[in-house]
Amino acid sequence: MDKYYILILGWVAVMGILSIMISMKRVETVCGKEEYRWKPIWAVVTVMPLIWMCSQRGGIMDTGAYLEGFKDMPGVFSGIASYMGTVKKDKGFYFLSAVIKCIVGNNSVVYLFIIAVLQAGMLFYVYRKYSSRYLVSFFLFLASTDYISWMFNGMRQFLAVTITFIGIKFILDKKYVRAIILILIASLMHQSALLMIPFIFIVQGKAWNKKTLLFILAVIAVVASVGQFTNVLDSMLAETQYKNVVSDWQSWEDNGTSALRVLVYAVPTILSLIGIKYIRNADNPIINLSTNMSIVSVGFYVVSMFTSGIFIGRLPIYFSL
């Protein structure tokens, strides 16, 4: 893994050098303004080594369990209906995986490749379109090791995350019905996607608006009464796949989220406070949305410090991207 990590960071450096030597950008209209964005072909070339690395990872982390499940899936389309009758959660993900199995057979490398293509395709579609520094966005995704935590590990949830991520256009355009439909589709991959529904309204508006400040107050209240919060959350999750995962977090040897991790992911929020005057003057819808998403991300990470890193600590990825 260390070898792959160094190689892919080296690839970022190569693409950075090439971007100086070759014209990799073109003018596009983004949120009503003309901006320079990476040409699609170069954006794809940049991300392909990551996709290849995902397909070659073997049984690292939770991948082994996913591959065991893949082996048990039917190899013919006629067997999918009876197989789905045995699936109790996240049926969309397992249906998709079963369809892939019927097409590619028992080739687990191709299976992992296809899932990585779907995840990276949606993720970097958004970064190419909305990030003024596509290569920096790619580098940060790698340097944060989010790609290991998610593309190598939480495959179901990250597929749901990336599906909601392409809904940024709907959030920016305030097309809430379309955004909610996309979230409902994502929830078929992982139920946690439903969390996004109220937050597509909370993150709307200017950076550091009243809604985000109320969210911060709510986080403080949760931390101050964390025992009551976990009891309420357990009641809400009683009939789901996350039954008792919050109250039983200590038996899972789950010490919550480390303070260092919270600090790292709080950097955008801290920078936004330092530069709040410039953000307000620019009033850029993408920067406003990103700032408010970062605030929400930090709020969830703070709560996960005092409760469960396994459950609560897996939720900020919907916002930190």
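Notes on the structure in this doc start here. (Residues numbered from 1 in each chain as written. Predicted model: local features only at pLDDT ≥ 70, side-chain atom pairs only at ≥ 80, totals over all residues. Heavy atoms only, no water.)

**Description of the overall build of the protein chain**
Stated formally: By the criteria applied, helices consist of DSSP H or I runs no shorter than four residues and strands consist of E runs no shorter than two, each listed in order from the N terminus. What the globule rule says is 2.2 Å times the number of residues to the power 0.38, and the radius of gyration is computed from C-alpha atoms. Between buried and exposed lies partly exposed: a residue is buried under 20% and exposed over 50% of the maximum accessible area for its type, with that area taken using a 1.4 Å probe on protein chains only. Residue contacts are defined here by distance: any two heavy atoms, one from each residue, within 4.5 Å place the two residues in contact. Here, Shrake-Rupley sampling with a 1.4 Å probe gives the accessible areas, and only protein chains in the shown set may cover a residue. Residues scored as charged are limited to Lys and Arg (positive) and Asp and Glu (negative), so that His and the chain ends carry no count. For the purpose of locating charges, the reference atoms are NZ of Lys, CZ of Arg, CG of Asp and CD of Glu.
Each helix and strand counted, the protein chain has 18 helices and two strands in total. Taken over the C-alpha trace, the protein chain has a radius of gyration of 20 Å; the compact-globule value for 321 residues is 20 Å, and the two agree within 12%. In terms of overall dimensions, the protein chain has C-alpha extents of about 60 × 55 × 40 Å along its principal axes. Classification of the 321 residues of the protein chain by burial places 46% in the buried group. Sequence-distant contacts, at least 24 apart, represent 71% of the contacts inside the protein chain between residues at least 6 apart. A total accessible area of about 15900 Å² is found for the protein chain, and carbon and sulfur atoms account for 66% of it. Averaging the positions of the 28 positive and the 16 negative side-chain charges in the protein chain gives two centres separated by 10 Å.

**Describing unusual backbone geometry**
Of all residues except glycine, most have a negative phi; of all peptide bonds, most are trans. Residue Cys-31 is not a glycine yet carries a positive backbone phi of 55°. Structurally, the position occupied by Cys-31 is in the loop between strand S1 (25-30) and strand S2 (33-38). We classify Cys-31 as partly exposed; its relative accessible area is 40%. Non-glycine residue Asp-283 carries a positive phi angle of around 45°. On the secondary structure map, Asp-283 appears in the loop between helix H16 (276-282) and helix H17 (285-306). Judged by its relative accessible area of 36%, Asp-283 is partly exposed.

**With respect to the side chain of Arg-37**
Applicable threshold: Salt bridges are identified by distance alone: a Lys or Arg side-chain nitrogen within 4 Å of an Asp or Glu carboxyl oxygen. Polar contact criterion, stated in full: a pair of N or O atoms within 3.5 Å, where within protein one must be able to donate a hydrogen and the other to accept it, and residues adjacent in sequence count only if both atoms are side-chain atoms.
Relative to the elements of secondary structure, Arg-37 occurs in strand S2. Within the buried set, Arg-37 has no salt-bridge partner at all; the shortest N-O distance to an opposite charge, 4.2 Å, is to Glu-35. Only 2.7 Å separates the side chain of Arg-37 from the backbone oxygen of Lys-129, close enough to count as a polar contact. Side-chain polar atoms of Arg-37 contact the backbone oxygen of Tyr-130, separated by 3.5 Å. With sequence-adjacent residues up to four places away left out, Arg-37 is seen in contact with Met-24, Lys-25, Arg-26, Glu-28, Val-30, Arg-128, Lys-129, Tyr-130, Ser-131 and Ser-132.

**Points about the packing of aromatic side chains**
How we decide: Here a Phe, Tyr or Trp ring, Trp counted by its six-membered ring, pairs with any other such ring whose centre lies within 6.5 Å, and the pair is stacked when the planes are under 30 degrees apart, edge-to-face when over 60, and tilted otherwise. A ring is scored as having a charge over it whenever the NZ atom of a lysine or the CZ atom of an arginine sits within 6 Å of its centre and within 35 degrees of its normal.
A full pass over the atoms with the stated rule returns 20 aromatic pairs. Pairing Phe-199 with Phe-215 gives two aromatic rings, centres 5.6 Å apart and planes at 85°, and the pair type is edge-to-face. Placement of Phe-199 in helix H12 (residues 196-202) and of Phe-215 in helix H13 (residues 210-224) is noted, with a sequence separation of 16 residues between them. Phe-215 carries the same exposure label as Phe-199, and that label is buried. By way of ring pairs, the aromatic residues Trp-38, Phe-124, Tyr-127, Tyr-134, Phe-138, Phe-141, Trp-150, Phe-158 and Phe-165 are connected into one cluster. Taking NZ or CZ as reference, Lys-101 lies 5.3 Å from the ring centre of Phe-70, over its face. Geometry around Tyr-130 places Lys-129 over its ring, the cationic atom sitting 5.6 Å from the centre.

**Brief notes about the packing of helix H6 (residues 108-130) against helix H7 (residues 134-143)**
Worth spelling out the cut-off: Only the contacting stretch of a helix is used when fitting its axis, a line to C-alpha atoms as for every element, and angles between N-to-C directions run 0 to 180 degrees. Any angle that falls under 35 degrees is termed roughly parallel, while one over 145 is termed roughly antiparallel, one within 65 to 115 roughly perpendicular, and all others oblique. A crossing counts as left-handed when the near helix is turned anticlockwise from the far one by less than a right angle, and as right-handed when that turn is clockwise. When residue character is reported, Ala, Val, Leu, Ile, Met, Phe, Trp, Tyr, Cys and Pro are called nonpolar, Asp, Glu, Lys and Arg charged, and the others, Gly included, polar.
The interhelical angle for the contact between H6 and H7, taken along N-to-C directions, is 140°, at an axis separation of 8 Å. What the angle tells us is that H6 and H7 run oblique. Handedness of the crossing formed by H6 with H7: right-handed. Contact with H6, carried on its side by Leu-123, Phe-124, Tyr-127 and Arg-128, involves Tyr-134, Ser-137, Phe-138 and Phe-141 of H7 and no other residues of that element. Residue composition of the contact of H6 with H7, by class: six nonpolar, one polar and one charged.

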